[in-house]
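Residues per chain are reported as follows:
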Amino acid sequence: MQYLACVMCILFLTIVFYSQCTDAIDEKDLCSTCRRINDNFAKGLEDTAKKNFGGGNTDWEERRLSKYETSEIRLVEILENLCDSSSFECNQMVEEHEEHFENWWFKKKEKYPDLFKWFCIDTIEVCCPKGTFGPDCNACIGGSERPCHGNGACDGDGTRRGSGKCSCHAGYEGEFCLDCAAGFYNEERNDTFSLCTECHNSCKTCKGPTNTECDECKPGWSEDDEGACNDVDECSNETSPCEENQYCLNTEGSFSCKACDRACASCTKEGSDNCVSCAPGYNLEDGKCTDVDECNLPDKVCLRENEECTNTQGSYKCFCSNGFEDKDGVCVKTEETENSDSSAIDSSKLSTEGVHEDL
């Protein structure tokens, strides 16, 4: 009994939790589902605009069955194509409110031509007019005509949910999205309108568009005697901010470190002709670091017997001569080469002996 009671309790809690989650999802998606139904209804009207009953005598059909344009057959064709078969929310809404579509189609369409307003906003009350939000369709902050004074998005705009608070666009801040964020200044401003424009690239804060109107310079910029923010050339410092095998490239407000040419141990710019010192395997000649051919040096670099040298950029490689192979660090004669002649002789003998036996 205790086990059964526990199972029933868990099942009950699961159902409650699932129901709450479903309700939350439905509440969030109801308006968007209704909008999609309205859009598909408009498309259905367009697709069926030039159709008829499909019979052979349209005039007779319209005299006996009424016009196809306003017929129940046309309405059914439109309703059947409002939702994808996999869209549960859409199909549920259409099925639940089918009588409302019929009522609008036959009785309300002339007086209320805007199906979205009549159905989604006024009848089933899952949406609100643009610029309003919440269960009672209250005006968003800043008013329904220009929510957030045109500088932000109203939470829940056009739905029966949300708080109506503003999420300001880039460059704006504050409850009403009338204030300028850091890095922007007010080009125009009154009680209901604000135009924020980005400061000059050198300004952290400013009161105008140029580098002479900064209130504070950004990092990487410094103020001169005339009050203008100018770029700091970090690469001109006596000590480079980069690693030894990199060179410094100044950029506006910052710098970047680029890898030196492979011939350089240190450098001032790109290329092997801008080395300060050469990497191992290179020598400075006529202001340029060039590869050293180690294989032609007076002192041999490949010291094993039967070994040869090949030059590479900045280095060299040692390898066993042709006909030799490396075994345990020693170049020994390849076994196939030693046995090739005897193998040929042995095979010829075997061939002759084989023939002799057959005879």
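Check the entry above for the structure.
Residue positions are given per chain, counted from 1 along the sequence in the order it is written. Side-chain atom pairs in this predicted model are given and counted only at pLDDT of 80 or more, local residue features only at pLDDT of at least 70, and totals for whole chains, interfaces and linings cover all residues. Side-chain measures were taken over the full set of non-hydrogen atoms in the model, leaving aside hydrogen atoms and water.

## Focus on the pattern of salt bridges
Part 1 of the argument: Counted as salt bridges are all cases of a side-chain nitrogen of Lys or Arg within 4 Å of a carboxyl oxygen of Asp or Glu. Within the structure shown, the criterion is met by nine salt bridges.
Part 2 of the argument: In this structure, the salt-bridge partner of E216 is K204, at a minimum N-O distance of 3.8 Å. Of this pair, E216 sits in strand β10 (residues 214-217) while K204 sits in strand β9 (residues 203-206), placing them twelve residues apart in sequence.
Part 3 of the argument: Look at K204 and you get partly exposed, because its relative accessible area is 42%.
Part 4 of the argument: Of the charged contacts, one joins D326 and R304 as a salt bridge, the two residues approaching to 2.8 Å between their closest N and O atoms. Here the residue D326 occupies a position in strand β21 (residues 324-327), and R304 occupies one in the loop between β18 (288-291) and β19 (307-312), the gap between them amounting to 22 residues.
Part 5 of the argument: Taking relative accessible area as the criterion, D326 reaches 44% and is therefore assigned partly exposed. Helix and strand assignments follow DSSP, with helices taken as H or I runs no shorter than four residues and strands as E runs no shorter than two, numbered in order from the N terminus. Between buried and exposed lies partly exposed: a residue is buried under 20% and exposed over 50% of the maximum accessible area for its type, with that area taken using a 1.4 Å probe on protein chains only.

## Regarding the layout of surface pockets
Think of a ball as big as a water molecule: rolled over the atoms, this probe shows where empty space is left.
Part 1 of the argument: Taken as a whole, the largest pocket encloses approximately 190 Å³ of empty space.
Part 2 of the argument: In the cavity and pocket records, a cavity denotes points on a 1 Å grid over the protein atoms alone where a 1.4 Å probe fits but cannot get out, a pocket denotes an open set with protein on both sides within 12 Å along at least 5 of 7 lines, and lining residues are residues with an atom within 4 Å of a point. If you go around the largest pocket, you meet eleven residues; those closest to its centre are L30, Q92, M93, E96 and H97.
Part 3 of the argument: At the level of elements, α1 (2-47) and α4 (88-96) are the ones that each hand at least two residues to the lining of the largest pocket.
Part 4 of the argument: Classifying every residue of the lining of the largest pocket by side-chain character gives four nonpolar, three polar and four charged.
Part 5 of the argument: Space inside the second largest pocket adds up to approximately 160 Å³. Grid points are joined across faces, edges and corners, and a volume is the space filled by probe spheres set on the points. Gly is placed with the polar residues, together with every amino acid not listed as nonpolar (Ala, Val, Leu, Ile, Met, Phe, Trp, Tyr, Cys and Pro) or charged (Asp, Glu, Lys and Arg).

## Re the packing of helix α3 (residues 72-80) against helix α5 (residues 98-108)
Part 1 of the argument: Interaxial distance between α3 and α5 falls to 11 Å at its minimum, and their mutual angle equals 135°. Regarding the angle of α3 to α5, the classification is oblique. In this structure, α3 meets α5 at a crossing whose hand is right-handed. Residues E72, R74, L75, I78 and L79 of α3 pack against E98, F101, E102, W105 and F106 of α5.
Part 2 of the argument: Along the lines of polarity and charge, the residues of the contact of α3 with α5 split into six nonpolar, no polar and four charged. To obtain each axis, a line is fitted to C-alpha atoms, and for helices this fit is confined to the stretch in contact; angles are then taken between N-to-C directions over 0 to 180 degrees. Working definition: roughly parallel below 35 degrees, roughly antiparallel above 145 degrees, roughly perpendicular at 65 to 115 degrees, and oblique for all remaining angles. Helix crossings fall into two classes, left-handed where the near helix is turned counterclockwise from the far one by less than a right angle and right-handed where it is turned clockwise. By the convention used here, residues are in contact when the closest approach between their heavy atoms is within 4.5 Å.

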